[in-house]
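What follows is the residue order along each chain.
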Amino acid sequence: QVQLVESGGGLVQAGGSLRLSCAASGSIFSINAMGWYRQAPGKQRELVARITSGGSTIYIYSVKGRFTISRDNAKNTVHLQMNSLKPEDTAVYYCNAPVPTTQNGDRYLEVWGQGTLVTVSS
């Protein structure tokens, strides 16, 4: 079973940058949409960015132009480059992979990483 491990979080001043990484223990080639989610204290977990195997991406409006999601299927990694960070970006960031369990991909096993904390000071 695929396992995910996030890294790259930390404390950064507003306006700074961080690069988050998600390393998968298994192949992500067959996983169509890899995503980054975040959860701030007292808030619901929300989708931040998602990328398909074909390179198509989506972002929540608040991070457009500042964050960039990318994936490297050969290295089984997903990254989230975060620039111009704001205090409101402070949250635990999670990597997500809907792992197909059937040949046609109509059944999935949701896999989550343990999360990495991003704290942006003003």
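Analysis parameters
- Residues numbered from 1 in each chain as written.
- Predicted model: local features only at pLDDT ≥ 70, side-chain atom pairs only at ≥ 80, totals over all residues.
- Heavy atoms only, no water.
- Helix = DSSP H or I, 4+ residues; strand = E, 2+ residues; numbered from the N terminus.
- Rg over C-alpha atoms; globule rule 2.2 N^0.38 Å.
- Buried < 20%, exposed > 50% of the residue type's maximum accessible area, 1.4 Å probe, protein only.
- Disulfide = S-S within 2.5 Å.
- Pairing = 2+ DSSP bridges.
- Axes fitted to C-alpha atoms, helices over the stretch in contact; angles between N-to-C directions.
- Core = buried A, V, L, I, M, F, W, Y, C linked by side-chain atoms within 4.5 Å.
- Contact = heavy atoms within 4.5 Å.

A. Representation of the overall build of the protein chain in the model. When helices and strands are tallied, the protein chain shows zero helices and 11 strands. Starting at the N terminus and ending at the C terminus, the protein chain contains elements arranged as β-β-β-β-β-β-β-β-β-β-β. Relative to its length of 122 residues, the protein chain is compact, with a C-alpha radius of gyration of 14 Å against a globular reference of 14 Å. The proportion of buried residues among the 122 residues of the protein chain is 41%.

B. Region of the structure containing the environment of Cys95. One can find Cys95 in strand 9 (residues 91–100). Taking the C-alpha atoms as reference points, Cys95 and Ser21, 74 residues apart in sequence, are found 8.6 Å from one another.

C. Broad picture of the state of the cysteines. Here the structure, examined in full by the defined rule, presents one disulfide. Sulfur-sulfur distance for the disulfide between Cys22 and Cys95 comes to 2.2 Å. As the torsion about the S-S bond is roughly -80°, the Cys22-Cys95 disulfide counts as left-handed. Here Cys22 is found in strand 3 (residues 18–24), whereas its partner Cys95 is found in strand 9, with 73 residues between them in sequence.

D. Structural view of the sheet that holds strand 3. Spatial ordering of the open sheet is given by 1-3-8-7, a layout of four strands whose pairing is antiparallel. Lying at the two open borders of the sheet, with one neighbouring strand each, are strand 1 (4–7) and strand 7 (67–72). Geometrically, the sheet is characterised by an average inter-axis angle of 15° between neighbouring strands, direction not taken into account. Across six bridges, the pairing between strand 3 and strand 8 (residues 77–82) is antiparallel. Looking across to strand 8, one finds that Arg19 is bridged to Gln81.

E. Spatial organisation of the nonpolar core. Counting residues in hydrophobic clusters, the biggest one holds 29 residues, and the most contacted among them are Leu4, Met34, Trp36, Phe67, Leu80, Met82 and Tyr93. Among the elements of the structure, strand 3, strand 4 (33–39), strand 5 (46–52), strand 7, strand 8, strand 9 and strand 11 (116–121) are those that each provide at least two residues to this core. Sorting elements by how many residues they give to this core places strand 9 first, with five residues. Once residues within four sequence positions are removed from consideration, Leu80 is found in contact with Leu18, Arg19, Leu20, Trp36, Val48, Ala49, Phe67, Thr68, Ile69 and Tyr93.

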